[in-house]
Amino acid sequence: DGVTDQAAKINFMLNQVYSREHTNPESLKTVYFPAGTYIVTDSIKFPRNSDIIGDGAGSTIFKRTTSAGLVGETSDSKQQTGANVGIGGALKPKNINISNVQFYNSENDHNFLVDQANMVTFTNVRFKGRHVTNPVSIGSRKAGVVVTQTTATDTKNIKFENCDFAKLDFAFDCDHDAKNIVFNN
């Protein structure tokens, strides 16, 4: 409806589709988000094997509207993020495909985090921020996509196909050790 926070509902649905049944390849499905603005006040956690499709970057919009934070991020098979990735037998983020959507952060923060992941593809995705003035310092600049990793787990094989980056300080911010990052426009 473009007004009500949908983060908990979206994360619950992604958990049911991808995390609960992650050991059964036949249970993996494509999740379709019809045109609309999906307000989120918490990060959407895209688990291992997510296949997400919308009606287009101008039509299916995930929008962060209150408090700083990410719009979306990769997560492991239990939807764990950050230092918790891979804990308790969870499988690391892998095979995540997101297409035909927009991640819009109306707050002063990054849009999307790819962390400790392998084989993530964004196709026809817009990453939009709220850039209005130049940042005061290098550390205060915000990116459309941030790629990080740990010493134990590389982030690699990230592909951007026909993606758009708008109103951001940076389109992309990446750890120096990430491997095989490809942009095709």
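Conventions and cut-offs
- Residues numbered from 1 in each chain as written.
- Predicted model: local features only at pLDDT ≥ 70, side-chain atom pairs only at ≥ 80, totals over all residues.
- Heavy atoms only, no water.
- Helix = DSSP H or I, 4+ residues; strand = E, 2+ residues; numbered from the N terminus.
- Buried < 20%, exposed > 50% of the residue type's maximum accessible area, 1.4 Å probe, protein only.
- Contact = heavy atoms within 4.5 Å.
- Core = buried A, V, L, I, M, F, W, Y, C linked by side-chain atoms within 4.5 Å.
- Salt bridge = Lys/Arg side-chain N within 4 Å of Asp/Glu carboxyl O.
- Pairing = 2+ DSSP bridges.
- Axes fitted to C-alpha atoms, helices over the stretch in contact; angles between N-to-C directions.
- Phe/Tyr/Trp six-rings, centres within 6.5 Å; stacked < 30°, edge-to-face > 60°.
- Lys NZ or Arg CZ within 6 Å of the ring centre and 35° of its normal.

This part is about the environment of Gly72. Tracing the backbone through its elements, the reader meets Gly72 in strand β6 (residues 72–74). Gly72 gets classed as buried once you look at its relative accessible area, which sits at 0%. What Gly72 contacts, discounting residues up to four positions off in sequence, is Ser43, Ile44, Phe46, Asn111, Phe112 and Leu113.

Here the focus is the environment of Lys128. Mapping Lys128 onto the fold places it in strand β11 (residues 126–128). A residue is classified by how much of its surface remains accessible, and Lys128, at 25% relative accessible area, is partly exposed. For the pair Lys128 and Lys94, spaced 34 residues apart in sequence, the C-alpha to C-alpha distance is 24 Å.

General note: in soluble globular proteins, nonpolar side chains tend to be found buried as a group. Within the largest apolar cluster, 31 residues are counted, with the highest numbers of intra-cluster contacts made by Ile98, Phe103, Phe122 and Phe127. With 4 residues, helix α1 (residues 7–19) is the largest single contributor of residues to this core. The contacts of Phe122, once residues within four sequence positions are left out, are Ile98, Phe112, Val114, Phe127, Ile158, Lys159, Phe160, Glu161 and Cys163.

What follows covers the pattern of salt bridges. Note on pairing: side chains with opposite charge can pair once their charged atoms come close. Summed over the entire model, instances satisfying the criterion amount to 4 salt bridges. Taking the shortest distance from any N to any O, the salt bridge between Lys45 and Asp42 comes out at 3.7 Å.

With phi around 55°, Gln116 is a residue other than glycine that occupies positive phi space. Mapped onto the elements, Gln116 comes out in the loop between β9 (112–115) and β10 (118–123).

Spatial ordering of the open sheet is given by β1-β4-β7-β10-β13-β16, a layout of 6 strands whose pairing is parallel. Edge positions in the sheet fall to β1 (31–33) and β16 (179–184), since each of these pairs with one other strand and no more. Across the sheet, the axes of successive neighbouring strands diverge by a mean angle of 10°, strand direction being ignored. Two elements, strand β7 (residues 94–99) and β10, share 5 bridges in a ladder whose sense is parallel. In the sheet register, Ser99 faces β10, and the bridge partner there is Thr123. In the packing of α1 onto the sheet, the strands contacted are β1 and β4 (51–54), and the crossing angle to β1 comes to about 155°.

Reading across the sheet, the 5 strands line up as β2-β5-β8-β11-β14 and stay open at both edges, with parallel pairing between neighbours. Each of the sheet's edge strands pairs with one partner strand only, and the pair in question is β2 (36–40) and β14 (164–166). Geometrically, the sheet is characterised by an average inter-axis angle of 15° between neighbouring strands, direction not taken into account.

This brings us to the packing of aromatic side chains. One pass over the structure, following the stated rule, counts 18 aromatic pairs. Centroid distance Phe33 to Tyr38: 5.4 Å. Interplanar angle 85°. Geometry classified as edge-to-face. Taken as a pair, Phe33 and Tyr38 share a single burial class, namely buried. Between Phe127 and Phe165, the aromatic rings sit 5.1 Å apart at their centres with planes inclined by 15°, giving stacked as the arrangement. Residue Phe127 is found in strand β11, and its partner Phe165 is found in strand β14; the two are separated by 38 residues along the sequence. By relative accessible area, which is 23% here, Phe165 ends up partly exposed. Members of the aromatic cluster, each reached through a chain of ring pairs, are Phe33, Tyr38, Phe46, Phe62, Phe103, Phe112, Phe122, Phe127, Phe160, Phe165, Phe172 and Phe183. A cation over an aromatic ring shows up here: Lys128 above the ring of Tyr104, its NZ or CZ 4.8 Å from the ring centre.

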